[in-house]
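As a plain string of letters, each chain reads:
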Amino acid sequence: MGSVKAELLRLWKWPATWVLVGLWLVLTLTFGYVFNYLALNGGSTTRDLTQQQLVSAMQPENVGAAVVRGLPMFGGALILVLAALAVGSGYGWGTWKTTLTAGPRRVSAMAGTLGALGIVVVVLVALTFVVDLGAAVTVASLEGWDWNLPGTGALEALGASLLIAAMWTAFGVFLGVLTRGPALAVGLGLMWAIVVENLLRGVGSLLGPVGDLTEVLPGGSAGNLAGAVGGTGAPGVLTDLGGPTAALLLVGYVVFFAGTATLLKVRRDLV
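These lines cover the structure that appears in this document, whether it is placed above or below. (Residues numbered from 1 in each chain as written. Predicted model: local features only at pLDDT ≥ 70, side-chain atom pairs only at ≥ 80, totals over all residues. Heavy atoms only, no water.)

## Some words on the packing of aromatic side chains
Operational definition: Each Phe, Tyr or Trp ring, with Trp reduced to its six-membered ring, pairs with another whose centre is within 6.5 Å; inter-plane angles below 30 degrees give stacked pairs, above 60 give edge-to-face pairs, and intermediate values give tilted ones. Counting from the N terminus, the helices are the DSSP runs of H or I reaching at least four residues and the strands are the DSSP runs of E reaching at least two. Here's how the labels work: a residue is buried when its accessible area is under 20% of the maximum for its type, exposed when over 50%, partly exposed in between, all with a 1.4 Å probe on protein chains only.
Applying the stated criterion across every chain, the model contains eight aromatic pairs. Taken together, a centroid distance of 4.6 Å and an interplanar angle of 5 degrees make the contact between F171 and F257 stacked. You can see F171 sitting in helix α8 (residues 153-179) and its partner F257 sitting in helix α12 (residues 243-267), a full 86 residues away along the chain. Owing to a relative accessible area of 8%, F171 belongs among the buried residues under this scheme. A relative accessible area of 5% means that F257 is categorised as buried. Clustering of aromatic rings is evident, with ring pairs tying together W168, F171, F174, Y253, F256 and F257.

As structure tokens, this is what we get:
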């Protein structure tokens, strides 16, 4: 718990945390509500949605889907960046060297980092839900719609959001430890999350059976889980796998990335 508290204090006082959290909240509001509201009222938009679809996307009862649909790609990429920076920057600053030399055991140090990032992820998802709900209620009130608060289905969407965010967090931690620095970890993570998987899906029909593997890659699994809980209509959201299968894949990725990062920290980073 001491390691978790120390890491939470560092993340709390670290400007990068607030910049990335603020950026994500701006993106989810812009793409989830501002653009849709402008399109509904005659503004221009790049999304080919009917009026009924626009209204449904902004209804307060569908806030859970609004939260999860942004996480398979852009939200996940930002979470990955935060995790990669949080772990990788310690090598450049020399804080990992100090911790491993005079601080707690290596497993405890990694557990503290993972625990602190996990708390940040939970707070981020909860904050996203609150902000999106506020935006949805505001839009519904301005337009005079009959609306209801989110039901139990929102809990399923929030659970999926937490699992997707946990996978991207573990992926970022793994890259930060693997590369021993923030720059390369962030670059590799962004390239994988935004470029590589989308490129493979785009040419999947040309790859034959190999193209089917894109469904079980980290981003593909996240997209399929988002699609299974109703988060359709956003980049990266898929419907190729069932929800339980996608969830099990994501749990496996979380265990693999977090476990491998911890093993590298214990076996390789001796000083």
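## A few points about a nonpolar patch on the surface
As a reminder of what qualifies: For patch detection, residues must exceed 30% relative accessible area and be free of salt bridges, and they are connected within 9 Å for like charges or within 5 Å for nonpolar side chains (Val, Leu, Ile, Met, Phe, Trp, Tyr). We get accessible surface area from the Shrake-Rupley algorithm with a probe of 1.4 Å; when it comes to residues, only the shown protein chains can shield them. What makes a salt bridge here is a side-chain nitrogen of Lys or Arg within 4 Å of a carboxyl oxygen of Asp or Glu, nothing more.
A cluster of nonpolar residues, F74, L184, L188, L190, M191, I194 and V195, forms a patch on the protein surface that exposes about 580 Å² of accessible area. Tracing the chain through its elements places L184 in helix α9 (residues 182-202). By relative accessible area, L184 is classed as exposed at 53%.

## Points about the side chain of D132
Quick reminder of the rule: When charges are counted, Lys and Arg are positive and Asp and Glu negative, with His and the chain ends excluded. Note on contacts: a residue pair is in contact if any heavy atoms of the two residues lie within 4.5 Å.
Among the secondary structure elements, D132 is positioned in helix α7 (residues 106-143). Lacking a salt bridge, the buried D132 has R69 as its closest oppositely charged neighbour, with an N-O distance of 7.2 Å. Excluding residues within four positions of it along the chain, D132 makes contact with T28, L29, Y33, V63, A66 and V67.

## Let's talk about α8
Owing to its 3.6 residues per turn, the α-helix brings residues three or four apart onto one side. Definition in use: One less than the residue count of a helix, multiplied by 1.5 Å, gives the span that helix is expected to have.
Across its 27 residues, α8 extends 40 Å between first and last C-alpha, which sits within 8% of the 39 Å expected from 1.5 Å per residue. By the criterion of burial, α8 is predominantly enclosed, with 20 of the 27 residues buried. Looking at the residues trailing α8, positive phi occurs at R180, about 55 degrees.

## Description of the packing of helix α6 (residues 95-102) against α7
The relative placement of two packed helices is expressed as an angle between their axes plus a distance between the axes. Defined as follows: Only the contacting stretch of a helix is used when fitting its axis, a line to C-alpha atoms as for every element, and angles between N-to-C directions run 0 to 180 degrees. In these notes the angle categories are as follows: under 35 degrees is roughly parallel, over 145 is roughly antiparallel, 65 to 115 is roughly perpendicular, and the rest is oblique. Nonpolar residues are Ala, Val, Leu, Ile, Met, Phe, Trp, Tyr, Cys and Pro. Charged residues are Asp, Glu, Lys and Arg, and all others, Gly as well, are polar.
α7 packs onto α6 with a crossing angle of 135 degrees between their chain directions and a minimal axis gap of 9 Å. Here α6 lies oblique to α7, going by the angle between them. Contacts between α6 and α7 pair W96, T99 and L100 from the former with R106, A109, M110 and T113 from the latter. Classifying every residue of the contact of α6 with α7 by side-chain character gives four nonpolar, two polar and one charged.

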